[in-house]
Amino acid sequence: TRVIELGGGDARTYGLLGFSYSSAENYLCAETAFRTALLLDPVTIMLSLPLAVIGAIAALLLAHEFMSMLAMIGMSMLAGLVTKNGILIVEFTNQLRAEGRSTREALLEAGPLRLRPILMTSVATVCGHFPLVLVTGRGAEARSSIGLVLVAAVGFDAFLRLARLALWMLAG
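## Quick notes on the packing of aromatic side chains
Using the criterion set out here, one finds zero aromatic pairs in the structure. Sitting over the face of the ring of F92, R114 holds its NZ or CZ atom 4.5 Å from the ring centroid.

## Let's talk about the side chain of N85
Within the element layout of this structure, N85 appears in helix α4 (residues 69-98). Exposure remark for N85: the relative accessible area of 3% places this residue in the buried category. Those residues in contact with N85 that sit more than four places away from it in its chain are I118, T121, S122, D157 and R161.

## As for the packing of helix α3 (residues 48-62) against α4
One way to put it is that α3 packs onto α4 with a least axis distance of 10 Å and a crossing angle of 150°. The orientation of α3 relative to α4 falls into the category roughly antiparallel. Relative to α4, the crossing made by α3 is right-handed. Counting all contacts with α3, which are made through S48, L49, A52, V53, A56, I57 and L60, the residues of α4 involved are A71, M75, L78, A79 and V82. Broken down by class, the residue content of the contact of α3 with α4 amounts to 11 nonpolar, one polar and no charged.

## So, the pattern of salt bridges
Counted according to the given criterion, the structure contains two salt bridges. Here E99 makes a salt bridge to R101, at a shortest N to O gap of 2.8 Å. Residue class for E99 comes out exposed when judged on its relative accessible area of 58%. A salt bridge links R101 to E109, with the nearest nitrogen and oxygen atoms 3.1 Å apart. Within this structure, E99, R101 and E109 form a network of salt bridges that share partners.

What counts and what doesn't
- Residues numbered from 1 in each chain as written.
- Predicted model: local features only at pLDDT ≥ 70, side-chain atom pairs only at ≥ 80, totals over all residues.
- Heavy atoms only, no water.
- Phe/Tyr/Trp six-rings, centres within 6.5 Å; stacked < 30°, edge-to-face > 60°.
- Lys NZ or Arg CZ within 6 Å of the ring centre and 35° of its normal.
- Helix = DSSP H or I, 4+ residues; strand = E, 2+ residues; numbered from the N terminus.
- Buried < 20%, exposed > 50% of the residue type's maximum accessible area, 1.4 Å probe, protein only.
- Contact = heavy atoms within 4.5 Å.
- Axes fitted to C-alpha atoms, helices over the stretch in contact; angles between N-to-C directions.
- Parallel < 35°, antiparallel > 145°, perpendicular 65-115°, else oblique.
- Left-handed = near helix turned anticlockwise from the far one by under 90°.
- Nonpolar A, V, L, I, M, F, W, Y, C, P; charged D, E, K, R; others polar.
- Salt bridge = Lys/Arg side-chain N within 4 Å of Asp/Glu carboxyl O.

Everything listed here is a matter of coordinates, which is why it stays silent on function.
Structure below.
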């Protein structure tokens, strides 16, 4: 059996990463639940985060990169970007539902209308961090991991959002 190692760090480092990530998720869920008085909204928003993290870890594994400290910082930035995109759709859907539309109608209208701001953020993030993926020279290994994490995960998240939107439209 071959063990895939995600970096030169020790178990304590990854334990702290897991703790900080779960703490951030719990905080965001609690904050959203208090703001909206619903538990379903934060859960819906947070469902995108594990998929984006899978995209980031897959990119690190495929590129034979390490889970460095900068990659961990990139994962923290990723949590904010992905949850912001989820909030855009959920908030607008809730506004449409408050106006009297059914959940299905609200989702079918909110998806295409909120797609543009989500894609603008995603494309700006990917284009802004892509030079870090291509960097060479001193310290390139350290800097390339944060770029790789953000480019792959945000790109993967945008692809999944487009796929979900297409499925909604086909089902509707």
